[in-house]
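A closer look at the structure
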Amino acid sequence: MPSEENVQAFCDLLDQMKVSMSAARDIVKTLRERQSTTHELDAREGISLLSLKHHMMLSYLQSLSLLTARRAIGHSLAERSAPEAPFSAKDRPARGDGAGDRVDAMVEARVVLEKVKVLEGRMKYQIDKLVRTAEEGDSATKNIANDPLAFRPNPQALMDQGSEDEDEEGGSIAGDDRDGIYRPPKLAPMPYVEPSKSKDKDRSRRAPVPSALANLAHLDPSKPYMESTSGLGSTPALSSGRARELKRINEFEEENFTRLVMKKKDARRRALDEADIALGGTGMVSARRGRVPGVGLDDEFGDIIKSVGRTRKGVLGDGYEELRQRGKKESVLARSKARSRDDAFDDLGDDGPRQRKRSRFEKEVKAAKKRTNSKASRRA
Amino acid sequence: MQADNSAPVTIRTRKFITNRLLARRQFVVDVLHPNRPNVSKAELSERLASIYKTEKDRVVTFGFRTAFGGGRSTGFGLIYDDEASQKKFEPKYRLIRSGLAVAPPKTNRKLRKERKNRAKKLRGTKKAKAAEPPKKGK
């Protein structure tokens, strides 16, 4: 005997179904009226791309829900009827009843939707502009410069540029040929400067990266703590190229369970560099030509030594330019200053020009002197 | 500093891999031996055998390098499942080291080279005849 709540629930459900069915009937009635009276739903001449998008999405969702329902019952997805006409035929009939046909319909809808997305992307500019004018109306007060949709690429401009150059060249060539005499172009005389092969020259002339900051280039973003806790001294394996190379060799050996076969010279060099790194050096001991121990200033202080005598602006151009700049006088304003810009930088360590801070002792000495002077003057 | 040969030795293994294809277990061995010179391979094999509960003949150690300053060395170790696979997969020189294979007899290198150079001057069966050095005098 079904319980009271179940009976009540069943009646509520039936009422709900009745209400929704009557609503659906009303909607269908209005749609039929619209179709018979207006031309909005007339699809004889095709539909626009945007409405195609909506219709395909709807059919995709319907196929999907039907498919899940049939799968829930237990139908296999393999029963399908062969399509009678190809996809591009205009009047092809609808697909059959099998579950496999629903899958095919979904595949079709998916392909069409993806293509529509691409096409819509190409028309995006036009659509956005139309939508904006529809929403806001014709507002002439809006500034053209602020509006992001007011400018679009104009390929015509590029074509005009190209044709102008050709005309000029054609004119100049025709002019010279008339005389028959070669006239060199009139340019100011310039000294000949050999073009430096900028492979190693450029690298050595540029200001060298300070060694304290050089390690930032090799930091591992997944291990941020490696630099923060070590303060001044960075991990020895990261400081120089040779140190990194040795670390890589070691890793390779451990990974592949072998020891690399090296010549005696290389093995000795490796041992020497590893000892140097263990003692806190840069590991470039063996690369020095003169093997004098203890003379390794270039490695540690290279950036400071090389930057002496260089201006802050760095390399100006060729050597000729640098000489000219060095000989020039500075502007009147710069010359009239008592302290130059370079001096300002030297003072940075001292926190600006040092003021004579009067300590308590000095103040008391001064007060005592004043007292004795005033006493002396009063007495005298 | 006295070299104390009975000081404690710590053995750590890293990167432990069970290599089924070569029927062995392989790992990197870290030996800590402060106040002691390098530990010998034989002693290391014994200790590893006791740690991994195998016979000491199956354990092979090689490639030890001491870090600068002493006290720590790093090398490699292999433990084979059985003698047959060890004889099959180990390279000859390591088998000779552990005693499972016999080294080929050392021929006199100079003699071999001289014989070869003499044979270079001849052709065909005369090579065998002139294998001996020409008798001086007589």
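Residues numbered from 1 in each chain as written. Chains lettered and ligands numbered in written order. Predicted model: local features only at pLDDT ≥ 70, side-chain atom pairs only at ≥ 80, totals over all residues. Heavy atoms only, no water.

To describe two helices that pack against each other, one gives the angle between their axes and the distance between the axes. All names here are of chain A. Packing of helix H2 (residues 49-73) against helix H3 (residues 99-122) leaves a shortest axis separation of 9 Å and a crossing angle of 150°. The angle between H2 and H3 places the two elements in the roughly antiparallel class. Crossing angle aside, the handedness with which H2 passes H3 is left-handed. Considering only residue class, the contact of H2 with H3 consists of 18 nonpolar, two polar and six charged. (Axes fitted to C-alpha atoms, helices over the stretch in contact; angles between N-to-C directions. Helix = DSSP H or I, 4+ residues; strand = E, 2+ residues; numbered from the N terminus. Parallel < 35°, antiparallel > 145°, perpendicular 65-115°, else oblique. Left-handed = near helix turned anticlockwise from the far one by under 90°. Nonpolar A, V, L, I, M, F, W, Y, C, P; charged D, E, K, R; others polar.)

Tracing the sequence through the fold places A:Glu254 in helix H10 (residues 241-256). In terms of polar contacts, A:Glu254 uses its side chain to reach the side chain of B:Arg14, at 2.8 Å. Here A:Glu254 is in contact with B:Arg14, B:Lys15, B:Val28, B:Thr74 and B:Phe76, once residues within four sequence places are set aside. (Polar contact = N/O pair within 3.5 Å; in protein donor to acceptor, adjacent residues only side chain to side chain. Contact = heavy atoms within 4.5 Å.)

Taken together, the 11 residues of chain A in the interface contact 13 residues of chain B. Summed over both partners, the interface of chain A with chain B comes to about 1100 Å²; 63% of that surface belongs to carbon and sulfur atoms. Inspection of the chain A/chain B interface yields three salt bridges. Where chain A meets chain B, there are four residue pairs in polar contact (both at pLDDT 80 or more). Elements supplying a minimum of two residues to the side of chain A that touches chain B: H10 and helix H11 (264-278) of chain A. (Buried area = accessible area lost by both parts, 1.4 Å probe. Salt bridge = Lys/Arg side-chain N within 4 Å of Asp/Glu carboxyl O.)

What follows concerns the packing of aromatic side chains. Scanning all chains against the criterion turns up five aromatic pairs over all chains. Between A:Phe257 and B:Phe76, the aromatic rings sit 5.4 Å apart at their centres with planes inclined by 40°, giving tilted as the arrangement. Remark: B:Phe76 occurs in strand E4 (residues 72-80) and A:Phe257 occurs in the loop between H10 and H11; the pair is interchain, linking two chains. By relative accessible area, B:Phe76 is classed as buried at 1%. Each ring, one from B:Phe27 and one from B:Tyr52, has its centre 5.3 Å from the other, and the planes form 15°; the classification is stacked. Taken together, the residues B:Phe27 in strand E2 (residues 24-32) and B:Tyr52 in helix H1 (residues 41-52) connect sequence positions 25 residues apart. Among the residues examined, B:Phe27 registers a relative accessible area of 0% and is labelled buried. When its relative accessible area of 18% is taken as the criterion, B:Tyr52 is described as buried. (Phe/Tyr/Trp six-rings, centres within 6.5 Å; stacked < 30°, edge-to-face > 60°. Buried < 20%, exposed > 50% of the residue type's maximum accessible area, 1.4 Å probe, protein only.)

Right, let's talk about the environment of B:Ser85 for a bit. As for its placement among the helices and strands, B:Ser85 is situated in helix H2 (residues 83-89). Taking the C-alpha atoms as reference, B:Ser85 lies 8.4 Å from B:Arg24; in sequence the two are 61 residues apart.

It is worth spelling out the confidence of the model for chain B at this point. Residue-level pLDDT values for chain B average 89, and 88% of them are 70 or greater. Here the predicted complex scores 0.43 on pTM and 0.83 on ipTM. (pLDDT = per-residue confidence, 0-100.)

On to a positive patch on the surface, then. On the surface, a cluster of positive charge is made up of B:Arg109, B:Lys110, B:Arg112, B:Lys113, B:Lys116 and B:Lys120. Tracing the sequence through the fold places B:Lys113 in helix H4 (residues 109-120). (Patch = residues over 30% accessible without salt bridge, like charges linked within 9 Å, V, L, I, M, F, W, Y side chains within 5 Å. Areas by Shrake-Rupley, 256 points an atom, 1.4 Å probe, with all protein chains shown as cover. Lys, Arg positive; Asp, Glu negative; His and termini not counted. Charge placed at Lys NZ, Arg CZ, Asp CG, Glu CD.)

Residues and elements named next belong to chain A. Nonpolar side chains collect at one region of the surface, where Phe10, Leu13, Leu14, Met17 and Met21 lie side by side and expose about 520 Å² of accessible area between them. Along the chain, Phe10 turns up in helix H1 (residues 4-37). Judged by its relative accessible area of 53%, Phe10 is exposed.

Glancing now at the environment of A:Asp276. Residues and elements named next belong to chain A. Turning to its location among the elements, Asp276 is positioned in helix H11. A relative accessible area of 19% means that Asp276 is categorised as buried. Setting aside residues no more than four positions away along its own chain, Asp276 makes contact with Gly281, Thr282, Gly283, Met284 and Val285.

Residue and element names in this part refer to chain B. Burial analysis of E4 places eight of its nine residues in the buried class, which makes it a mostly covered element. Direction of pairing for E2 relative to E4: antiparallel, over a ladder of nine bridges. Paired with Asp30 across the bridge in E4 is Thr74. Connecting the antiparallel pair strand E3 (residues 59-66) and E4 is a turn made up of five residues, with Gly69 showing a positive phi of about 100°. (Pairing = 2+ DSSP bridges.)

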